[in-house]
Amino acid sequence: MEQLRLAVIAGDGIGPEVTLEARKAMRAALDGVELVETEYSLGAAHYLDTGEILSDETLASLRQHDAILLGAVGGDPADARLAGGIIERGLLLRLRFAFDHHVNLRPTKLHPKVTSPLREPGAIDFVVVREGTEGPYVGNGGSLRTGTEHEIANETSVNTAFGVERVVRFAFELAEQRSKRLTLVHKKNVLVHAGGLWQRIVAEVGQQHPDVAVDYLHVDAATIFLVEQPSRFDVIVTDNLFGDILTDLAGAVGGGIGLAASGNLNPSGEFPSMYEPVHGSAPDIAGRGIADPTAAIISAALLLEHSGHPDAGQRIRDAVDGDVDARDGSRRTTSQVGDAIVDRITASKEQA
Ligand code: NAD
Ligand code: IPM
Ligand code: MN
């Protein structure tokens, strides 16, 4: 039987709670494909237990998989042993960089039955194509006279023509398949070097996509439009940091961070892509069984769609839509939501 070799990094906090449900949904949705799951114990808790953040051996082992499902990583922000983002940078960003996840795909679609915090949300259906391997995330900075009143702290945003072009191309190709509207978000009025590069490349690649309408917004103005007129957006292409910030906002306007899914894509397939909810480990609600697993489950649908199993992905999406449709506001536990979605997947397979 065909296999799908899946690496699972459940991680910290609510990560294990939500990935459990995503895995149940994948197992239920796949048909004639054996899901071979390998669990990797990684994250803040694993680091505090063992001293490992992400060894070269573990990285090499992860590489042997078709795809990676990640819950969330990161521990108690007050824990001095985790200071300096060592888990976020040493694990999550290291994976994104090592596996060249240069497209960080973050869709937002407001389901008609989901209440957006916006008074008049209109139709919300857009995708943020966030660059995933460059920008200020590269860690190219430093501090001088550290700890003194004369400290100078620098963070350098790295933007290469190669890196910008490949993500911009991806965004245009995506826009071609959608509503043919692309918005570049940057801050070119201040960040003139990086902004100029992004603008030039969008203009150049845009010439090969004359049917895609191109728009530009400064990131500050983009936050206004995301709240006041989110239906104007189809595909947003932006750098790593702006994309991070915009997609938490996008999650909120799309009905909540518990619904926001993402894929860290290596489109060439040279390395495994990694799928994860946009949210973090949510230490404030971890261990209580109340986290919404829907974002992780939709991330699993994205995983299947991008791993050659679109039918199974669609089964999960339909089941999530059905579940969301039926929500009446009553509180459910994480596993109750997961089980209800699995039941819908199973029923749809039996009907087919
Ligand atoms: P967070 O996303 O973990 O939490 C923000 C708020 O959203 C919290 O109130 C939380 O309870 C709520 N929330 C998040 N997911 C939810 C869900 N599925 N259901 C219901 N409510 C949910 O962001 P944070 O508090 O800034 O970060 C916590 C930790 O997670 C930090 O260590 C951070 O670095 C890490 N983090 C990891 C990832 C990742 O692994 N991809 C992403 C973001 C943050
Ligand atoms: C996300 C997270 C990460 C990011 C952090 C935890 C490094 O916020 O996936 O959105 O900034 O990319
Ligand atoms: Mn984020």
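Residues numbered from 1 in each chain as written. Chains lettered and ligands numbered in written order. Predicted model: local features only at pLDDT ≥ 70, side-chain atom pairs only at ≥ 80, totals over all residues.

The name given to the chain in an unreviewed UniProt entry is 3-isopropylmalate dehydrogenase, with Agrococcus baldri as the source organism.

Draft legend 1. Molecular detail of the domain arrangement of the chain. What the domain assignment reports for the chain is domain 1 (1-102 + 260-352) and domain 2 (116-254). Computed from C-alpha atoms alone, the centre-to-centre distance between domain 1 and domain 2 is 24 Å. Contacts between the two partners involve 11 residues from domain 1, matched on the other side by 14 residues from domain 2. Among the elements that make up the side of domain 1 that touches domain 2, the one with the highest residue count is helix H4 (residues 86-98) (4 residues). Class assignment for the residues of the side of domain 1 that touches domain 2 results in 5 nonpolar, 3 polar and 3 charged. (Domains from an automatic or database assignment. Contact = placed C-beta atoms within 7 Å. Helix = DSSP H or I, 4+ residues; strand = E, 2+ residues; numbered from the N terminus. Nonpolar A, V, L, I, M, F, W, Y, C, P; charged D, E, K, R; others polar.)

Draft legend 2. The arrangement of the site of ligand 2 in detail. Taken together, the neighbourhood of ligand 2 is formed by Gly74, Glu88, Leu92, Leu93, Asp244, Val278 and Gly280. For the shell around ligand 2, the element with the most residues is H4, which contributes 3 residues. Of the residues contributing to the shell around ligand 2, the split by class is 3 nonpolar, 2 polar and 2 charged. (Near = placed C-beta within 6 Å.)

Draft legend 3. Quick look at the sheet that holds strand S1 (residues 2-11). The sheet built from 10 strands is open, its strands ordered S2-S1-S3-S12-S11-S4-S5-S10-S8-S9 with mixed pairing. The sheet is open, and its two borders are formed by strand S2 (33-39) and strand S9 (213-218), each paired with just one other strand. On average, each strand axis in the sheet is inclined to that of its neighbour by 25°, with strand direction left out of account. Strands in contact with helix H6 (residues 192-207) are strand S8 (181-186) and S9; relative to S8, the strand with the most contacts, it is inclined by about 165°. Taken strand by strand, helix H9 (residues 294-306) contacts strand S3 (67-72), strand S11 (261-265) and strand S12 (273-277), and its axis lies near 160° from that of S12. (Pairing = 2+ DSSP bridges. Axes fitted to C-alpha atoms, helices over the stretch in contact; angles between N-to-C directions.)

Draft legend 4. Region of interest: the environment of Arg145. Within the secondary structure layout, Arg145 lies in the loop between strand S6 (135-144) and strand S7 (152-158). With 10 C-beta atoms packed within 10 Å, Arg145 lands in the exposed category. The sequence separation of Arg145 and Gly322 amounts to 177 residues, and the corresponding C-alpha distance is 57 Å. Excluding residues within four positions of it along the chain, Arg145 makes contact with His150, Glu151 and Ile152. (Buried ≥ 20, exposed ≤ 12 C-beta atoms within 10 Å, placed from the backbone.)

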